[in-house]
Each structure stands twice: as structure tokens, then as C-alpha cells.
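Chain and residue survey
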Amino acid sequence: MAGESESRAPRTPQGAVRPGTYGERLFRPQDEGESDRTDLGALVYDPMTTARLRQLGAGPGWRCLDVGAGTGTVASWLLREAGVAEVVAVDRHTTFLPGEPVDGLTTLQADVTSDRFGPDLFAPDLFDLVHARFVLMHLPSPAELVEKLAGLLAPGGVLVLSDAVDLTTDAAGDTPYARAMRAMWQGLRETIGTDISWVPRYPELMLAAGLESVAAEIHVPPLVPGGPLGRFWARTWDRARTAMTATGVVDDAAIDEAERLLDSPGYVGLSPGMLTAWGRRPARP
């Protein structure tokens, strides 16, 4: 069955162009305000992430790997609130991670797509938790990445992956907000290769990677006028404005109108949600 699932796993189409990567052509850490934009997203999604990690048992004695750690909010929670023994916080750009020593925290600049990311960096059977949020959706070869991350787990360890799912485009009406979201996803796909179409297949990919007790959930946080989520999307659209207008779906005026809706008490659109899937490596007999 695993071989059959693997054969159906999504792959980048032959000839597809992935001209850039997250943090280079878009969302560069050196751009002013990028850490603030990242923290706005964390403010919204951290409570959902940490609740799931706590329910999965994250706690004293656990060794954890946080891939795409961003500003380190999840790594900090694991150490401060969950009381885990160790967190290795990995990102391609560690600019926003603590520069001063923190007990239990190791920061590592590394690329999860690199061939070196794996046994060359980490001892086998090392981590009780491997977590990645809003990372794999920006990267090619999802089946290979899920298998790679699952391979870093200790027996009984859990892999937790979260990425975006969108309820605002195909089924939504033709509103300025929905058009902006369509333009954003298309622009990100064409500029840095972001592809959320395969995210609902996380559970299938985890089963194919040999994990068990696989499950998933979706959270759709509300758009509250003036709230952190609306500010996050507005700043994201401003960062991606050139890529969005290049699609022909929106122009600058349409993006401005969509941003005004985010602050309007009379607007009740849905935000893209976050799908979280998890699975455990089988324990040794």
C-alpha cells in the first residue's frame, strides 16, 4: 500500500519553473518590517499549534526539531511552557532567532531541501517531535520532504506539519478580497513556487512515509477588523504586490480596496485556514 500511495504522491510537473525561493525574491528577512509581519501570523496561529503539540504530549524530556522556525515563537513555547529538554530551531535565515544563548535552544542555519539535511546533521532516532509550519507549501517535492522529516523521528516520535488551505477563492464570490487572494496564490506560485494544492494530502504522504496514528484538523481563524490576521494579510499583499499585479487578476487599486475590506466591520469573508496533520513513527517492538 505504501508503494501505491507513493506513486500517487504529487510532484512538480516536468518543465515547471520555480524561479525563486521564499526569503529571496519575496519575504526577505532583511526587508524592514518582515519580522513584524511574521510575528502577526504567529500571534494568530501559535495558539492552535501549541494546543495540538500539548495534546500530542510535548513535554519534559522531549527533543524537538522546529523546521522553518521563523522568529522562534514555537521553539520558545516548547522550552518555556511545555518544558521540553531541547529544541533545535532550523531556518534558511536565522536572522530572527535569538542571538544570545538560551538554555535548551540550538539555532541552526540549514535548508531542509539540501541533501545534507538529515544524517549529515543529526544523529539517527534523535527527535521526539519534528514540527514545520508554513514551510513545505513553499518547497518542491512534498513526498520526499515528508519522508525525510519522518526519518528524523525517534521510535514513537511524532511529525507535525501545518500549511495553508484556502476557502476564499474557488467557492467564494467575486469580491475584491477573493480576487486579491486568488492573485496572491497565483503570484506566489509563479514567483517562488508556493503550491497549496497538495496540502490536503498530508495524511496520505505521512502514511506513505510509514507513520501511524495519522490524523488531521483544519482551523480557520476569523477576520476581525483591525486584528492581527487582517494586518498580516495586508502586509503580505504589500510584500507580494508586484507578483500579484503581474498575474493580471488585480491591479494596485484592487489590492488597496481589498485591504480596506480587511478593516471594515461590515465584511465577513473567510481567511485561508491552517491544516495540521500528524503521525507517529512506530515504536520498537
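Procedures and definitions
- Residues numbered from 1 in each chain as written.
- Predicted model: local features only at pLDDT ≥ 70, side-chain atom pairs only at ≥ 80, totals over all residues.
- Heavy atoms only, no water.
- Buried < 20%, exposed > 50% of the residue type's maximum accessible area, 1.4 Å probe, protein only.
- Helix = DSSP H or I, 4+ residues; strand = E, 2+ residues; numbered from the N terminus.
- Arc of directions from axis to C-beta.
- Axes fitted to C-alpha atoms, helices over the stretch in contact; angles between N-to-C directions.
- Left-handed = near helix turned anticlockwise from the far one by under 90°.
- Contact = heavy atoms within 4.5 Å.
- Nonpolar A, V, L, I, M, F, W, Y, C, P; charged D, E, K, R; others polar.
- Pairing = 2+ DSSP bridges.
- Parallel < 35°, antiparallel > 145°, perpendicular 65-115°, else oblique.
- Core = buried A, V, L, I, M, F, W, Y, C linked by side-chain atoms within 4.5 Å.
- Phe/Tyr/Trp six-rings, centres within 6.5 Å; stacked < 30°, edge-to-face > 60°.
- Lys NZ or Arg CZ within 6 Å of the ring centre and 35° of its normal.
- pLDDT = per-residue confidence, 0-100.
- Right-handed = clockwise from strand over helix to strand, strands pointing away.

Residues of helix α4 (residues 142–150) that are buried: Pro-142, Ala-143, Leu-145, Val-146, Leu-149 and Ala-150. Angularly, the buried residues of α4 cover 165° about the axis, an arc narrow enough to put them on a single face.

On to the packing of helix α5 (residues 176–192) against helix α9 (residues 252–262). Helix-helix packing: each pair is described by the crossing angle between the helix axes and the interaxial distance. Following both chains from N to C, one finds α5 and α9 inclined at 120°, their axes separated by 8 Å at the closest point. In the packing of α5 onto α9, the handedness of the crossing is left-handed. Judged by residue contacts, Pro-176, Tyr-177 and Ala-180 of α5 engage Glu-257, Ala-258, Leu-261 and Leu-262 from α9. Looking at the contact of α5 with α9 residue by residue, the classes come out as six nonpolar, no polar and one charged.

What follows covers the sheet that holds strand β2 (residues 86–91). Note: strands within a sheet are paired through backbone hydrogen bonds, in either parallel or antiparallel orientation. If you trace the seven strands from one edge of the open sheet to the other, you get β3-β2-β1-β4-β5-β7-β6, paired in mixed fashion. Strand pairing shows two members of the sheet lacking a second neighbour, β3 (105–109) and β6 (212–219), which therefore form its edges. Mean inter-strand twist for the sheet, computed between neighbouring axes without regard to direction, equals 15°. Summarising the sheet, strand β1 (residues 63–67) and strand β4 (residues 127–133) pair through four bridges and their orientation is parallel. Considered in β4, the bridge of Val-67 is made with Ala-132. Against the sheet, helix α2 (residues 34–55) engages β4, β5 (153–165), β6 and β7 (273–280), with an angle of about 150° to β4. Sheet strands touched by helix α3 (residues 73–82): β1, β2, β3 and β4. Its angle to β2, the strand with the most contacts, is close to 175°.

The next point concerns the packing of α5 against helix α7 (residues 228–239). Contact pair α5 / α7: the axes reach a minimum separation of 11 Å and the direction vectors enclose 50°. If you check the angle between α5 and α7, you find them oblique. Viewed along their axes, α5 and α7 form a crossing whose handedness is left-handed. Note on element contacts: α7 touches α5 through Trp-233, Thr-236 and Trp-237, opposite Tyr-177, Ala-180, Met-181 and Met-184.

Let's shift gears to the nonpolar core. The biggest cluster of nonpolar side chains holds 65 residues, and the ones touching the most others in it are Leu-65, Phe-117, Leu-136, Leu-149, Leu-159, Trp-233 and Trp-237. Setting aside residues no more than four positions away along its own chain, Leu-65 makes contact with Val-88, Val-90, Phe-117, Phe-122, Phe-127, Leu-129, Val-130, His-131 and Leu-152. Listed in part, the 21 residues of the second largest apolar core include Leu-56, Trp-62, Ala-69 and Leu-79.

A ring pair, where both rings are aromatic, is described by two values, the distance of the centres and the angle of the planes. Per the counting criterion, the structure on display carries eight aromatic pairs. Seen from their ring centres, Tyr-45 and Phe-134 are 5.0 Å apart, and the 80° between their planes marks the pair as edge-to-face. With Tyr-45 in helix α2 and Phe-134 in the loop between β4 and α4, this residue pair connects regions lying 89 residues apart in the sequence. Taking the relative accessible area as the measure of exposure, Tyr-45 reaches 3% and is therefore buried. Looking at Phe-134, the relative accessible area reads 26%, which means it is partly exposed. Joined through ring pairs, the aromatic side chains of Phe-117, Phe-122 and Phe-127 make up one cluster. Taking the ring centre of Trp-278 as reference, the NZ or CZ of Arg-52 above it sits at 4.0 Å.

Next up on the list: the confidence of the model for the chain. Summing up the model confidence of the chain, the mean pLDDT is 89 and the portion of residues at 70 or higher is 92%. Scored below 50 in pLDDT, residues 1–19 makes 26 contacts in the model with residues more than four places away or belonging to other chains.

For the rest of this paragraph, the subject is the pairing of β1. Most of β1 is tucked away, with four of its five residues classed as buried. Pairing between β1 and β2: five bridges, direction parallel. When the sheet's bridge partners are listed, Cys-64 is paired in β2 with Val-87. Between β1 and its parallel partner β2, the chain crosses via α3, and the hand of that crossover is right-handed.

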